[in-house]
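# Understanding the architecture of this molecule
Chain by chain, the residues:
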Amino acid sequence: MISENKTQEKLFPISLLFFIDAVLTACSFIVSYALCSFILEDINAHSMLIQLPIVVSLTCIIFLFIGIYKGIVNTNRLNEVYSIFNAICLANILTIVLVVVNGKLILEENLMVPLAIIIVHSILSFSALVASRFLYKNLVVKLIRNYSVLKNILLIHDLPSNNENISLLENNFFSRKKKIVSSLSTTSKDFKTEISTIESNQKSFDEIHLYQHNSSRDNLWDVIPSLLKFNKAIYISSDVGFNSDLDSESLTAKRIFKRLSLPDLFPQRVKSKKIFSDFSNDYNGKTILVTGAGGCIASEFLKELFNSEVKAKFILLDNSETALAEVVTFMKNSKNIKVIPKLLDLKEKKSLEKLFSIYNISLVLHTAGNNSPEGLNETISKVMQENLIATKLLADISKRNGVEKFIFCSTSGADCPRTTLEVSKRLAEVYLYSLNTPENKTNFISIRLNRVYDTNGSGLKYMKSQIEFEKPINRSYFSEKEMYSGKRDVAKALLVLCADKSPFVNSILTFNIGISVATELLAEVILHLNLRAQGNGKIKEVSFIDSFKNGSLVHNESMFKINEDSNRLFKVETDLMPDFSKFQIQQKVENLCINLLFDQDDVSLVFDLINNFNSDQWENLCKLQQQKPNQTRIIKLQSK
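Below you will find a few notes about this structure. (Residues numbered from 1 in each chain as written. Predicted model: local features only at pLDDT ≥ 70, side-chain atom pairs only at ≥ 80, totals over all residues. Heavy atoms only, no water.)

## A word on the nonpolar core
Going by this rule: Among the buried residues, those of types Ala, Val, Leu, Ile, Met, Phe, Trp, Tyr and Cys that are joined through side-chain atoms within 4.5 Å form a nonpolar core. The rule is simple: take the accessible area with a 1.4 Å probe, protein chains only, and divide by the maximum for that residue type; under 20% is buried, over 50% is exposed, in between is partly exposed. A run of H or I in DSSP counts as a helix once it spans at least four residues, and a run of E counts as a strand once it spans at least two, with each numbered from the N terminus. In this analysis, two residues are considered to be in contact whenever any of their non-hydrogen atoms come within 4.5 Å of each other.
With 50 residues, the main nonpolar core has L289, L427, V606 and W618 as its most contacted residues. Within the residue set of this core, elements represented by two or more residues are β7 (313-318), α14 (349-358), α15 (380-400), β10 (405-411), α16 (420-435), α20 (582-597), α21 (606-609) and α22 (617-627). It is α15 that contributes the most residues to this core, 9 residues altogether. Setting aside residues up to four positions removed in sequence, V606 forms contacts with V423, L427, L592, F613 and W618.

Okay, structure coming up:
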């Protein structure tokens, strides 16, 4: 977007304004002499001709020195008038000083400018400059309005139709060579009808600008579907202009619109500082182990703790040297936080045991694992080892070493698993649940996270890749509607959950904050943003294959506003655990892990531990398991 000042300088060139000001200053001086000649007898044309170039030159120098042309972009403001007044006063003061000095030194006999002429010239030149500036600008604006090529825009806003801010917005757009051809209010009962009318009439406009003055951005998903039909660039009110009063100062000094991007559609929801401030002291003096520290969620969690200035020791584990180095470099800037990075595979038992023997770890945040949501049915052994075996090993060692709290980041799909990823997460949840016994001092908690839109594991990267290469999106990777959260909201929730005062004990929780979006609509938005980023106006369609997953993972409370109650961040799950004792669960998980470690494809134990599946290969295998006549029969997972 072209900045305000640059655009206006093209409308009002400084060189032309300076020339006009110089001519008007000279004319004002001549008129002053003419008027004063009727009063003063010793006024003559010869003196005036000598004084004229000196006075005009002095005034022009002052104009340039004081910088009155910096105000040329302010069409309707008093500060430009004030600048002209200051420049005229200073020029005349210097003229008086020059006359006095000349009188003392008698350098030039005809340079003695009478005070009356100086006063009259001040009044005339000030009036002429202000009037000419006003007339000149209005003339230029009128010419541009009538003859220049303007971009036509559709303005969508949440203001009453007669609101004065609309005219201010119109002036703001015009200053950037844009013209409002249609203006619609989302508060109108006829908004959808009016949008349809514009679409059917094929009104011509180049851009769509969405201004929200009083509304939150949660309702963007109500408006966006209507705007995508036009296949035009969409701009949204930026944070500068968002939810603030419009006036000429803010409109000329700040840009209030920016190109729509994906983060605009998923605004941060957990904004209350009090939610974490009640728990911040719980971290002081602790040794905290974070797995997958270089990942999106863990690194955001660490950044939140960094900003809260807690005094703690962090052992950061990751198997990616690059990702680990990045987060360690950031965390080392804190004076209160001690960082101990470890490049480690969580399946290395001896290395883990040595780590726990050296450090007195009181809290484990386990975010590591294989979290890729697409196509994991073909890699059962790898996914199970990274999500189940590694979690089991870490949990067992944490239990033996008396860790106070163990937080495991699961997925919302574990509720009714479909893919191997979701099955492995559910098995890990079941095992951790079985470890919560009265004699066990460690509090094992699993938190099911929604799709985190700004991470690689959200599925949006897959969508974007398929759209860029014009390949179909597999619906079976998604539900018809999905709940999406931002990584910063997840990080804030984890801060509360990991604290000592957290009310949740031995639980399986679902993160209760997010925005539910239809998958097909989200794909259309990604397509639109991708085309606009490439500057491509070609109309394309998103293609899909297969069918959506059964059911929807949307929570009814998804759109509520956060208050100071941290309990509303989570929903406690009371879902179905296997009909076995906790000891039996541990034995079955142990046997399953042994099978996986020895590359055996026997997955029959999975169906003892998980009873409910979403429609897919795992559900079909479960039905086969239930129908088999011989309980010792081995069920193997065949690759697709």
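This is not the end of the story, as more comes after the structure.
## Points about a nonpolar patch on the surface
Heads up, the condition is: Each patch groups residues whose relative accessible area exceeds 30% and which form no salt bridge, using 9 Å between like charges and 5 Å between nonpolar side chains of Val, Leu, Ile, Met, Phe, Trp and Tyr. To measure how exposed things are, a 1.4 Å probe is used in the Shrake-Rupley method; for residues, cover is taken only from the protein chains shown. Salt bridge, as used here: a side-chain nitrogen of Lys or Arg that lies within 4 Å of a carboxyl oxygen of Asp or Glu.
A cluster of nonpolar side chains, namely I96, V100, L115, I119 and I123, defines an oily patch on the protein surface of about 450 Å² accessible area. Elements that contribute at least two residues to the nonpolar patch include exactly α4 (78-105) and α5 (115-147). The element best represented in the nonpolar patch is α5, accounting for 3 residues. Structurally, L115 is set in helix α5.

## Overview of the sheet that holds strand β1 (residues 151-157)
Under the convention used in this document: Pairing between strands requires that DSSP locate at least two bridges from one strand to the other. In this analysis, axes come from line fits to C-alpha atoms, helices being fitted only over the stretch in contact, and the angle between any two N-to-C directions falls in the range 0 to 180 degrees.
The mixed open sheet is built from 5 strands, whose spatial order is β2-β1-β3-β4-β5. Of all strands in the sheet, those bounded by a partner on one side alone are β2 (178-185) and β5 (257-259). With direction set aside, neighbouring strand axes in the sheet form an average angle of 30°. Where β1 lies against β2, 7 bridges are found, and the strand directions are parallel. The partner of L155 across the bridge, within β2, is S183.

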